[in-house]
Amino acid sequence: MAKVKGAIVIDVERCKGCCVCIPACPQDVIQIVKEVNGKGYQYAFPANHDACTGCINCAIVCPDGVITVYRVKVES
Amino acid sequence: MDINEIIKPENLVYKKTKLFTEKPLSYCPGCGHGTTHRLILEVIEEMGIVSDTIGIAPVGCAVLAYEFMDIDMQQAAHGRAPALATAVKRLMPNKFVFTYQGDGDLAAIGTAETIHACNRGENITMIFINNGIYGMTGGQMAPTTLPGMKTSTSPFGRDVRIMGNPLKITELLANLPGTYYVTRQAVHTPNAVRKAKKAIRNAFEYQKLNKGVSFVEVVSNCNSGWKMTPNDANKWMEENMFPFYPLGDIKVPQLEKA
Ligand SMILES: Cc1ncc(C[n+]2csc(CCOP(=O)(O)OP(=O)(O)O)c2C)c(N)n1
Ligand code: SF4
Ligand code: SF4
Ligand code: SF4
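Anyway, here's the lowdown on the structure attached to this text. (Residues numbered from 1 in each chain as written. Chains lettered and ligands numbered in written order. Predicted model: local features only at pLDDT ≥ 70, side-chain atom pairs only at ≥ 80, totals over all residues. Heavy atoms only, no water.)

**Focus on the site of ligand 3**
Okay, step 1: Surveying the vicinity of ligand 3 reveals 13 residues, the closest of which are A:Cys25, A:Cys52, A:Cys55, A:Ile56 and A:Cys58.
Okay, step 2: Among the residues making up the shell around ligand 3, the classes are represented as 9 nonpolar, 4 polar and no charged. (Near = heavy atom within 4 Å. Nonpolar A, V, L, I, M, F, W, Y, C, P; charged D, E, K, R; others polar.)

Below you can see the structure in the form of structure tokens.
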């Protein structure tokens, strides 16, 4: 059966750490790190990246549009 | 499968639209202004009308919208965006013209311009960000502030006996003969974003028909003004704003019978 696997890339320097992407993700992929970026914001990070399906939910709710999403079909 | 094998150009499914300039958005973290800007730009890009669109920026937090949207734009005096849009559209009737306005701009100082542009049936699109407050100037009460809602000028909550009733301007505008399409949306969840984008697309498509104003309200958070975290503000919005400002279409075009 074909499965989909996804991956996200977060533009860390433009992330404002608002956390809006976290409840938007059905797979609980995203967390906020303790470190801060150049603007002083704790930024988002795909802590549970393996669970990502590339559904783009996080990217379309991100007010700053900093998430890029990739998806592939994997035959298993 | 290794994550780096997935991150390849051929697997790209979503990326920020090229119609954003390189400037970082000036909005507070988690503010719906940014999301709404993006949806408008995605619609303009997908419709292939980049060089045929003129936007009018308001006064309010979105005063610098023209710095972020890489399209032709003008910036109007506070509340006067519909008047400026009227002029632009009448001079260039083949262009897509839209205003982008907050509730202080559209429903307070600009009430006259809003109502008359909508009543005249100007062939423009109006995008209305309703966060129930004057965001830019420090969270003062707006005509849209809910009964009981605390703001910097109603610290004990809006008392309607003294401060008057909130104005459901969108319902009022839907009653005018010059509005063709009127809808109320939100942008705080993936589903809401998908619906809001469809509504904005509809609004721009309807503009081609020259049948009057297409109007999209976006109920949005002002988490700074409401003094909450963005996710708490979105929850508060669902629990308090949506019952008073219910989401959905308010006026849809009556399709002429073939
Ligand atoms: C003629 C005039 N009056 C008052 C102001 C001050 N002012 C700037 S923004 C604003 C309110 C904006 O609120 P809103 O339209 O709700 O937008 P938001 O900032 O919430 O997005 C006011 C009153 C001004 N700039 N010009
Ligand atoms: S929604 Fe965007 S800006 Fe906010 S934390 Fe997530 S990635 Fe960062
Ligand atoms: S693409 Fe979907 S599954 Fe992957 S992180 Fe974003 S919301 Fe979660
Ligand atoms: S003050 Fe309110 S409306 Fe303005 S950018 Fe901040 S959250 Fe958004």
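Text resumes after the structure shown.
**Quick notes on the site of ligand 2**
Okay, step 1: In the vicinity of ligand 2, the contacting residues are A:Cys15, A:Lys16, A:Gly17, A:Cys18, A:Cys19, A:Cys21, A:Ala44, A:Cys62, A:Pro63, A:Val66 and A:Ile67.
Okay, step 2: Grouping the constituent residues of the shell around ligand 2 by class yields 9 nonpolar, 1 polar and 1 charged.

**Examining the pattern of salt bridges**
Residues and elements named next belong to chain B.
Okay, step 1: Counted under the stated rule, the structure contains 17 salt bridges over all chains.
Okay, step 2: Measuring nitrogen to oxygen at the nearest pair gives 2.7 Å for the salt bridge that ties Lys 197 to Glu 46. Note that Lys 197 is positioned in helix H9 (residues 190-207) and Glu 46 in helix H2 (residues 32-47), a separation of 151 residues in sequence.
Okay, step 3: Here Glu 46 falls in the partly exposed class, since its relative accessible area comes to 48%.
Okay, step 4: Glu 171 is the salt-bridge partner of Arg 184, the closest N and O atoms lying 2.6 Å from each other. Of this pair, Arg 184 sits in strand S8 (residues 179-186) while Glu 171 sits in helix H8 (residues 169-174); the two residues are 13 residues apart in sequence, bridging distant segments of the chain.
Okay, step 5: Take Arg 184: its relative accessible area is 1%, and that puts it in the buried class. (Salt bridge = Lys/Arg side-chain N within 4 Å of Asp/Glu carboxyl O. Helix = DSSP H or I, 4+ residues; strand = E, 2+ residues; numbered from the N terminus. Buried < 20%, exposed > 50% of the residue type's maximum accessible area, 1.4 Å probe, protein only.)

**Structural notes on the pairing of S8(B)**
Residue and element names in this part refer to chain B.
Okay, step 1: In terms of burial, S8 is a largely internal element, 8 of the 8 residues being buried.
Okay, step 2: Relative to strand S9 (residues 213-219), S8 is paired through 7 bridges, and the arrangement is parallel. The residue of S9 that forms the bridge with Arg 184 is Glu 217.
Okay, step 3: Between the parallel elements S8 and S9, the chain passes through H9 in a crossover that is right-handed.
Okay, step 4: Taken together, the 3 bridges between S8 and strand S10 (residues 248-251) define a ladder with antiparallel strand orientation. (Pairing = 2+ DSSP bridges. Right-handed = clockwise from strand over helix to strand, strands pointing away.)

**Some words on the sheet that holds strand S4 (residues 96-102) of chain B**
Residue and element names in this part refer to chain B.
Okay, step 1: Reading across the sheet, the 7 strands line up as S3-S2-S4-S5-S9-S8-S10 and stay open at both edges, with mixed pairing between neighbours. In this open sheet, the two strands that pair with only one neighbour each are strand S3 (72-75) and S10. For this sheet the average axis-to-axis angle between neighbouring strands, irrespective of direction, equals 20 degrees.
Okay, step 2: The pairing of strand S2 (residues 53-57) with S4 spans 4 bridges and is parallel. Considered in S4, the bridge of Ile 54 is made with Val 97.
Okay, step 3: Along the sheet face, H2 touches S2, S4, strand S5 (125-130) and S9 and points at about 175 degrees away from the line of S4. (Axes fitted to C-alpha atoms, helices over the stretch in contact; angles between N-to-C directions. Contact = heavy atoms within 4.5 Å.)

**Quick notes on unusual backbone geometry**
Residue and element names in this part refer to chain A.
Okay, step 1: Phi at Cys 19 takes a positive value of approximately 75 degrees, unusual for a residue other than glycine.
Okay, step 2: Summarising the element assignment, Cys 19 is placed in the loop between strand S1 (2-10) and helix H1 (21-24).
Okay, step 3: Given the relative accessible area of 24%, Cys 19 is considered partly exposed.
Okay, step 4: Phi at Asp 28 takes a positive value of approximately 55 degrees, unusual for a residue other than glycine.
Okay, step 5: Summarising the element assignment, Asp 28 is placed in the loop between H1 and strand S2 (30-36).

**Things to note about H9(B)**
Okay, step 1: Counted at 1.5 Å a residue, the expected span for H9(B) with its 18 residues is 26 Å, and the 26 Å between its end C-alpha atoms agrees.
Okay, step 2: Where H9(B) is concerned, the buried positions are B:Pro190, B:Ala192, B:Val193, B:Ala196, B:Ala199, B:Ile200, B:Ala203, B:Phe204 and B:Gln207. (Expected span 1.5 Å × (residues − 1).)

**Describing the nonpolar core**
Okay, step 1: With 58 residues, the main nonpolar core has A:Ile67, B:Ile40, B:Phe98 and B:Phe204 as its most contacted residues.
Okay, step 2: Formed by 20 residues, the second largest nonpolar core is a distinct cluster that contains B:Val88, B:Leu106, B:Cys118 and B:Phe215. (Core = buried A, V, L, I, M, F, W, Y, C linked by side-chain atoms within 4.5 Å.)

**Looking at the pairing of S4(B)**
Residues and elements named next belong to chain B.
Okay, step 1: Within S4, 7 of the 7 residues are buried, which leaves it mostly tucked inside the rest of the structure.
Okay, step 2: A two-sided burial pattern is seen for S4, the buried positions comprising Phe 96, Phe 98, Tyr 100 and Gly 102 on one face and Val 97, Thr 99 and Gln 101 on the other.
Okay, step 3: Judged from the 5 bridges that link them, S4 and S5 form a sheet pairing that is parallel. If you follow Tyr 100 over to S5, its bridge partner there is Ile 127.

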